[in-house]
Amino acid sequence: MLTIAIVLVALVIAYFFARKITDPLQNIFTNINKIADKKYALSPSTLPIFNEIMRDLHAIAARLERNQQKISKHRQGFYTLLSSIQESIWIMNTKGIITVANESFENLVGNSNLKDSYFWNVIRYKILYDFIDDIFHEPKTTSREITIENRYYICSASYTAQTKETIFLMYDITEIRSLETMKKDLVLNVSHELRTPLTSIKGFLETIEPKAANQKYIDVIKRNTERLIRIVQDLLNLSKLEQMGDLEIEKINIAEFVDNLKKIFELTLKESENELVVEWPAELKFLEADYFKLEQVFINLLDNAIKYTKGGKIKIRFSQLEQHILIEIEDNGRGIAPEHLPRLFERFYVVDKSRTRKLSSTGLGLSIVKHIVNLHAGNIEVKSKLGVGTKFSITLPKHYEKK
Ligand code: ATP
Ligand code: MG
């Protein structure tokens, strides 16, 4: 009996001692949980031996609270910035959920509750839907021009592998577009208006030429008139090309195409004492392009090659790459100094102004070439060495999707 009584008393004493320890310990665990829940007002320690631990916990809580405030200030700043941006911005994760959307985008889409929505539930414009859908199926960094309700946008997507999210940005280019159109219309109209009086001046010059007292002056006027007519014609060609945005893609028989080219240049080749060699592999019989535009590319490039090469060799080579056709046009003429190469495809850019005057050049040929290649979703590069020669390399897609 006595033993039992002693054990019982010992148990009761042990229980009270244990409670004295476990309660403050429980208090510490509760405080840790509070910190985890981002609640930083902690309850004080009830046992002096835990005071030190509590001091540390208070310090941790204070630091975390400061960091938390900093983060929310930054986040607030980020959202203020986002909503003040005129361009539409939104972020989509790999599940197709819009995780961030700014006000401009919500206004464009006509829905003020885009956050946490699946894009297929909220995007109604088909053209925009298709773009997002493509990125959703194959996340990548790319951009596309789209038109929504008569406004033009560049829509770009940048995929971040780290966060597995895509950031979208839509940039309104309507104003730029209308300025471009105005500029093009102006060039077209002015060149059109200039053509008639210039042709008439040329006609009258030819009439008075036989009776002219001073042939030297007549020659100067004639040369400059012809030069002006050429500039106007080139400008008209360029404007026409820009207006005819659509390509008429057809299957072009390379052999027939080359024969035709050789006919066009037969005389100039003979006069300049240049030899033209054209090569292509037997298995490559056709290429896809807009016939007349591609012909213009070759005419301009061959015209240059012949103009800037004397008694040399001009080579055209067609070959196949994986997805593209490569076209190389190479001459061993006078070449171009490296400092001119970056600007060569600009409108009116000529290398040697004094020389080109004699050759009646306007510097529009290569810009027309580049424009046509771009229309074909192709690429053009130039390599040249002074006194050695020049090579233009064009890549065009092998196939075009039928519209
Ligand atoms: P246009 O073609 O409008 O009559 P252009 O030939 O001067 O005038 P581009 O065809 O645009 O104009 O060429 C721009 C410049 O590049 C030329 O003035 C010339 O100096 C240089 N160039 C182009 N092709 C060659 C080439 N094959 N060899 C040497 N220089 C070249
Ligand atoms: Mg030219």
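Note that the structure is predicted; figures quoted are calculated from it, not measured. (Residues numbered from 1 in each chain as written. Chains lettered and ligands numbered in written order. Predicted model: local features only at pLDDT ≥ 70, side-chain atom pairs only at ≥ 80, totals over all residues. Heavy atoms only, no water.)

Q: I'd love a proper account of the packing of helix H7 (residues 215-243) against helix H11 (residues 365-375), names of residues and values included.
A: Across the interface, H7 lies against H11 with an axial gap of 10 Å and an inter-helix angle of 10°. Here H7 is positioned roughly parallel relative to H11, judged by the angle of their axes. Judged by residue contacts, Asp234, Asn237, Leu238, Leu241 and Glu242 of H7 engage Ser367, Ile368, His371, Ile372 and Leu375 from H11. Here the residues of the contact of H7 with H11 sort into five nonpolar, three polar and two charged. (Axes fitted to C-alpha atoms, helices over the stretch in contact; angles between N-to-C directions. Helix = DSSP H or I, 4+ residues; strand = E, 2+ residues; numbered from the N terminus. Parallel < 35°, antiparallel > 145°, perpendicular 65-115°, else oblique. Contact = heavy atoms within 4.5 Å. Nonpolar A, V, L, I, M, F, W, Y, C, P; charged D, E, K, R; others polar.)

Q: Break down the sheet that holds strand S7 (residues 275-279) for me, with residues and values.
A: Ordered by their spatial adjacency, five strands build an open sheet running S7-S9-S10-S12-S11, and the pairing between neighbours is mixed. Because the sheet does not close on itself, it has two edges, and the strands there are S7 and strand S11 (379-385). Each strand of the sheet is rotated relative to its neighbour by a mean of 10°, with strand direction disregarded. Where S7 meets strand S9 (residues 313-320), five bridges bridge the pair, whose relative direction is parallel. Within S9, the position partnered with Val278 by the bridge is Ile316. With respect to the sheet, helix H8 (residues 254-271) is in contact with S7 and S9, its orientation differing from that of S7 by roughly 175°. Packed on one face of the sheet, H11 meets S11 and strand S12 (389-397) and runs near 145° to S11. (Pairing = 2+ DSSP bridges.)

Q: Give me the lowdown on the side chain of Ser272, citing residues and values where you can.
A: For Ser272, the position within the fold is in the loop between H8 and S7. Overall, Ser272 belongs to the buried group, its relative accessible area being 7%. Among the polar contacts listed, one links the side chain of Ser272 to the side chain of Asn274, at a separation of 2.9 Å. Among all residues touching Ser272, those that are not within four sequence positions of it are Ile306, Thr309, Lys310 and Gly311. (Buried < 20%, exposed > 50% of the residue type's maximum accessible area, 1.4 Å probe, protein only. Polar contact = N/O pair within 3.5 Å; in protein donor to acceptor, adjacent residues only side chain to side chain.)

Q: Requested: an account of the pattern of salt bridges, with residues and values cited.
A: This structure, assessed with the given rule, holds 15 salt bridges. Of the charged contacts in the structure, one is a salt bridge between Arg151 and Glu175, with a shortest N-O distance of 3.3 Å. Here Arg151, found in strand S4 (residues 151-160), pairs with Glu175, found in helix H6 (residues 174-208); they are 24 residues apart in sequence, far enough to count as distant. Measuring nitrogen to oxygen at the nearest pair gives 3.2 Å for the salt bridge that ties Glu279 to Arg317. Taken together, the residues Glu279 in strand S7 and Arg317 in strand S9 connect sequence positions 38 residues apart. The partly exposed category is assigned to Glu279, whose relative accessible area is 36%. Among the ionic contacts, a cluster of salt bridges with common partners joins Glu279, Arg317, Glu328 and Lys391. (Salt bridge = Lys/Arg side-chain N within 4 Å of Asp/Glu carboxyl O.)

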